[in-house]
Amino acid sequence: MALQQRDPDILSPADKGDASDTNASGDPEDQIAALSITQSLFYGTGGIAGGLVFTMMNNALPLFLLSYAMPLGLPAFLNPGGPIPATVVALLTNERSFFGGLIQPLVGHWSDRTNSRIGRRSPYVLFGGIATAIAIASLAFQPPFWLMFAAVTLAGVSLFVAVGPYTTLLADITPYRQRGRIGGMIALAGMVGALTFSFLSILLWETARGWVFAITAVGVLASLAIVAFGVREPEALASQAEHAAERPARLLHEILAYRPLAIYIAAMAVYWLGAGAATPFITRFGVIELRIPESTSFILLLVIVLATAAGAVATGFLADKIGRKRVLMPGLAIFALAALVGSQAQTIEQALPIMLLVGIGNAAPTALHLPLLADLVPRLRAGACMGFASMVWSVAQPIGSFLGGLLVDFTGSYRGVFIFAGICMLAAALVLRFVKIEGERK
């Protein structure tokens, strides 16, 4: 079902006029040329920033917080003066998703109506990259608790200022037939960022962790600057920016009126709920449950990242051939199985092959969740619609982290969070079954 086949009152005349020769998303493929290899590389490079920051937030920050105590003057249930409890760790490592997610529809709406020398999306990509880099670099000095909290929040919100318009570019510059492989390239670049951070942590975390944050800041700024100055945005869309901003108040109505888009957003919200619960506690699971050193715990993450990287590009190409939904659902099922089994691992030798399976399953949602979303949104409203979806997913992630932290604090074990994550992955796959995508390649 193409997007323009909804209630005709929901789309404006310009949206309808953009619907000739459409695919599953209602996009006019004949008006979007395939990306060249150079442009694909420039665009894909932006994924490095996400890989660096999300790995830092989700896997290194929980360990970084072990060096802090809860500040005095807080209520007794927050354990003032003592170690930071798992529930608070979960909130600190994912509160940037909550605040960043809330601003994404607004940033997406602004980018839909922006028309600058470097394009509609690029100014936000560049500004977000600069602010994120500054905030991360400040962590190298191990600031006091409240300054650390402010820096973490600024880094996360600024990254989402960049990431929202960056992901919207996928709908702006790529034809339907190419999105799976481009999504795979973004995922691969994200894995490069995650691998870079993991290797830096293994080498420097115990002796010079300040350099880990400093190098990460430089990498974030460089990767997003390449996107801002290297990717050519289509002029035709820029000329239509004013019209695209006419009806922001009807955005929610527009999304709910198109059931495949609404159901897909809900399905991936359940996925992010589970991912948010498990991700912050992978390294702590290694240190506390498997009793391995902090630097060694990054090896668990490294195996997941390598397996995801190996599968991401292949997953993207396969999805372009047989359909993105057909690849995404088995990936979620594999992820679920690995999370459930992994929750019972007793040694690192048992955990490593399970982490390999987690990475294989993770390759599908990592590579395909954005391309499939791009298929379902109208091009002239891509920034606002994709920003709304990102907001929902970004809010789901810290909620999952909070629930995971509660499980840890109430049970005294990190195993329950992976059981919860596995159940969420299965539920996401089941909901995804109800997303009808008639235009998918057979």
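Everything numeric in this text was worked out from a predicted model, so none of it was measured.

Enquirer: Can you help me understand the packing of helix H3 (residues 47–64) against helix H5 (residues 122–139) in this one?
Expert: For any two helices packed against each other, one specifies the crossing angle of their axes together with the interaxial distance. The contact between H3 and H5 brings their axes to 13 Å, and the two run at 20°. Taken together, the axis directions place H3 and H5 in an arrangement best described as roughly parallel. Both H3 and H5 take part in a crossing whose hand is left-handed. On H5, the residues that touch Val53, Met56 and Phe64 of H3 are Thr132, Ile136 and Leu139. Partitioned by chemical class, the residues of the contact of H3 with H5 number 5 nonpolar, 1 polar and no charged.

Enquirer: Looking at this structure, how should I read the environment of Ala338?
Expert: In this structure, Ala338 sits in helix H14 (residues 324–342). Considered as a pair, Ala338 and Ile419 are 81 residues apart in the sequence and their alpha carbons are 9.7 Å apart. When sequence neighbours within four positions are dropped, the list of residues in contact with Ala338 reads Ile354, Leu357 and Val358.

Enquirer: Help me out: how do you make sense of the side chain of Asp320 in this one?
Expert: Examined against the element boundaries, Asp320 turns out to sit in helix H13 (residues 294–322). A distance of 3.0 Å separates the side chain of Asp320 from the backbone nitrogen of Arg181, its partner in a polar contact.

Enquirer: Any chance you could explain the nonpolar core here in plain terms?
Expert: Across soluble globular proteins, nonpolar side chains show a tendency to be buried alongside one another. Judged by nonpolar contacts, the single largest core of 120 residues is most densely connected at Tyr43, Tyr264, Tyr271, Leu328, Leu373 and Trp393. For this core, the leading source of residues is helix H7 (residues 179–230), giving 15 residues. Those residues in contact with Leu328 that lie beyond four places of it in its chain are Tyr264, Met268, Ala364, Pro365, Leu368, Leu372 and Leu432.

Enquirer: Explain the packing of aromatic side chains here, please?
Expert: Two descriptors summarise a pair of aromatic rings, namely the distance from one centre to the other and the angle between the planes of the rings. Within the structure shown, the criterion is met by 12 aromatic pairs. Judged by centre distance (5.0 Å) and plane angle (90°), the ring pair of Phe145 and Trp146 falls under edge-to-face. Take Trp146: its relative accessible area is 51%, and that puts it in the exposed class. With 5.0 Å between their ring centres and 75° between their planes, Phe285 and Phe418 make a pair best called edge-to-face. Residue Phe285 is found in helix H12 (residues 282–289), and its partner Phe418 is found in helix H17 (residues 415–432); the two are separated by 133 residues along the sequence. Overall, the relative accessible area of 4% leaves Phe285 in the buried class.

Enquirer: Explain the packing of H7 against helix H15 (residues 348–376) to me, please; I cannot follow it from the model alone.
Expert: Interhelical geometry of H7 versus H15 gives an angle of 140° and a closest axis separation of 8 Å. On the basis of their axis angle, the class for H7 and H15 is oblique. At the point where H7 passes H15, the crossing takes the right-handed sense. In this structure, H7 uses Arg179, Gly180, Gly183, Gly184, Ala187 and Met191 to contact H15, whose residues at the interface are Thr366, Ala367, Pro371, Ala374 and Asp375.

Enquirer: Sorry if this is basic, but what is going on with the environment of Ser201 here?
Expert: Within the secondary structure, Ser201 sits in helix H7. Taking relative accessible area as the criterion, Ser201 reaches 0% and is therefore assigned buried. Each C-alpha atom of the pair Ser201 and Phe298 lies 7.3 Å from the other, and the pair is 97 residues apart in sequence. Those residues in contact with Ser201, other than ones at most four positions away along the chain, are Val212 and Phe298.

Enquirer: Explain the side chain of Thr283 here, please?
Expert: Summarising the element assignment, Thr283 is placed in helix H12. Overall, the relative accessible area of 0% leaves Thr283 in the buried class. Ignoring anything within four residues of it in the chain, the contact list for Thr283 reads Asn59, Leu63, Ser297 and Phe298.

Enquirer: Explanation requested: a nonpolar patch on the surface in the structure shown.
Expert: Side chains of Ile334, Leu337, Val341, Leu356, Leu357 and Ile360 sit close together on the surface and give an oily, nonpolar patch of about 470 Å² of accessible area. Tracing the backbone shows Ile334 in helix H14. Using a relative accessible area of 31% as the deciding quantity, one classes Ile334 as partly exposed.

Enquirer: Just checking my understanding: could you explain the pattern of salt bridges for this structure?
Expert: Side chains that differ in sign of charge can pair as their charged atoms come close. Within this structure, the stated rule accounts for 6 salt bridges. One salt bridge in this structure joins Arg415 and Glu289, with 3.7 Å as the shortest N-O distance. You can see Arg415 sitting in helix H17 and its partner Glu289 sitting in helix H12, a full 126 residues away along the chain. Residue Arg415 is classed as buried on the basis of its relative accessible area, which comes to 14%. Looking at Glu289, the relative accessible area reads 12%, which means it is buried. Among the charged side chains, a network of salt bridges with common partners joins Arg179, Arg181, Asp320, Arg324 and Asp375.

Parameters at a glance
Residues numbered from 1 in each chain as written. Predicted model: local features only at pLDDT ≥ 70, side-chain atom pairs only at ≥ 80, totals over all residues. Heavy atoms only, no water. Axes fitted to C-alpha atoms, helices over the stretch in contact; angles between N-to-C directions. Helix = DSSP H or I, 4+ residues; strand = E, 2+ residues; numbered from the N terminus. Parallel < 35°, antiparallel > 145°, perpendicular 65-115°, else oblique. Left-handed = near helix turned anticlockwise from the far one by under 90°. Contact = heavy atoms within 4.5 Å. Nonpolar A, V, L, I, M, F, W, Y, C, P; charged D, E, K, R; others polar. Polar contact = N/O pair within 3.5 Å; in protein donor to acceptor, adjacent residues only side chain to side chain. Core = buried A, V, L, I, M, F, W, Y, C linked by side-chain atoms within 4.5 Å. Buried < 20%, exposed > 50% of the residue type's maximum accessible area, 1.4 Å probe, protein only. Phe/Tyr/Trp six-rings, centres within 6.5 Å; stacked < 30°, edge-to-face > 60°. Patch = residues over 30% accessible without salt bridge, like charges linked within 9 Å, V, L, I, M, F, W, Y side chains within 5 Å. Areas by Shrake-Rupley, 256 points an atom, 1.4 Å probe, with all protein chains shown as cover. Salt bridge = Lys/Arg side-chain N within 4 Å of Asp/Glu carboxyl O.

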